[in-house]
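# Descriptive analysis of the structure
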Amino acid sequence: MKNIAALILSSALVLSTPALAAGDVQAGEKVYKRLCSGCHQIGESARAFFGPQLNGVIGRQSAVTTDYVYSDAMKSANLVWNRETLIAYLEAPKKVVPGTRMIFWGLSDPEKIEDLLAYLQTFPAQGLRSTVRALPGP
Ligand code: HEC
């Protein structure tokens, strides 16, 4: 009985401990292709599709790609897409941006999220000035 309790306790710990290792880019590509690529483009020639292109999305301000018409909800969300906001948005898009047009059932498997973030991180925003609005200026 004791052993079973210990087993349950240790597996609960494993499940609740966030993955410390960085995600696996290749596994992340698979997650992206399966869950995101139906609506988003990423890479050299990425442009607005059903959703905005995702180059350099980690660290990017919300609603700044110029070739995509965002929902009013996203336009006024005023978020920076970082680890925390992305994880929360992918888990429950409408909780983070009520009224968002992104219809997504949610991704909450921490390992898949880590892998996906690692994959997204391999696409920098550099060289995409034509499709990403410059930071506020004159
Ligand atoms: C059914 C289509 C669909 C799927 C699947 C989808 N998205 Fe989206 N996504 C959208 C749409 C549409 C928007 C624009 C939302 C708005 O304007 O409210 C969006 C917006 C976003 C944004 C905000 C971008 C910005 O420029 O502010 C991020 C980040 C994002 N999606 C990431 C993802 C990721 C990562 C996945 C896969 C795990 C995914 N999405 C899956 C349709 C989708």
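Figured I'd write up the structure that's included with this text. Since we're looking at a predicted model, the values are computed, not measured. (Residues numbered from 1 in each chain as written. Predicted model: local features only at pLDDT ≥ 70, side-chain atom pairs only at ≥ 80, totals over all residues.)

## Description of the packing of helix H2 (residues 25-35) against helix H6 (residues 110-120)
Where H2 contacts H6, the axes come no closer than 7 Å and their chain directions differ by 100°. One element, H2, and the other, H6, form an angle in the roughly perpendicular class. Along its contact with H2, which presents Val-25, Ala-27, Gly-28, Glu-29, Val-31 and Tyr-32, the element H6 presents Lys-112, Asp-115, Leu-116, Ala-118 and Tyr-119. (Axes fitted to C-alpha atoms, helices over the stretch in contact; angles between N-to-C directions. Helix = DSSP H or I, 4+ residues; strand = E, 2+ residues; numbered from the N terminus. Parallel < 35°, antiparallel > 145°, perpendicular 65-115°, else oblique. Contact = placed C-beta atoms within 7 Å.)

## Some remarks on H6
Most of H6 sits inside the fold, with 8 of its 11 residues counted as buried. Residues of H6 that are buried: Ile-113, Glu-114, Asp-115, Leu-116, Leu-117, Ala-118, Tyr-119 and Leu-120. On its buried side, H6 packs onto H2 and helix H4 (83-91). (Buried ≥ 20, exposed ≤ 12 C-beta atoms within 10 Å, placed from the backbone.)

## Here's the deal with the environment of Asp-72
Structurally, Asp-72 is set in helix H3 (residues 72-75). With 28 residues separating them along the chain, Asp-72 and Thr-100 place their C-alpha atoms 8.0 Å apart.

## So, the nonpolar core
Judged by nonpolar contacts, the single largest core of 14 residues is most densely connected at Ile-113, Leu-116, Leu-117, Tyr-119 and Leu-120. Elements represented by at least two residues in this core include exactly H4 and H6. Ranked by the residues each element gives to this core, the list is headed by H6, at 6 residues. With near-sequence residues (within four places) excluded, Leu-120 lies in contact with Leu-54, Val-57 and Ile-58. (Core = buried A, V, L, I, M, F, W, Y, C linked by C-beta atoms within 7 Å.)

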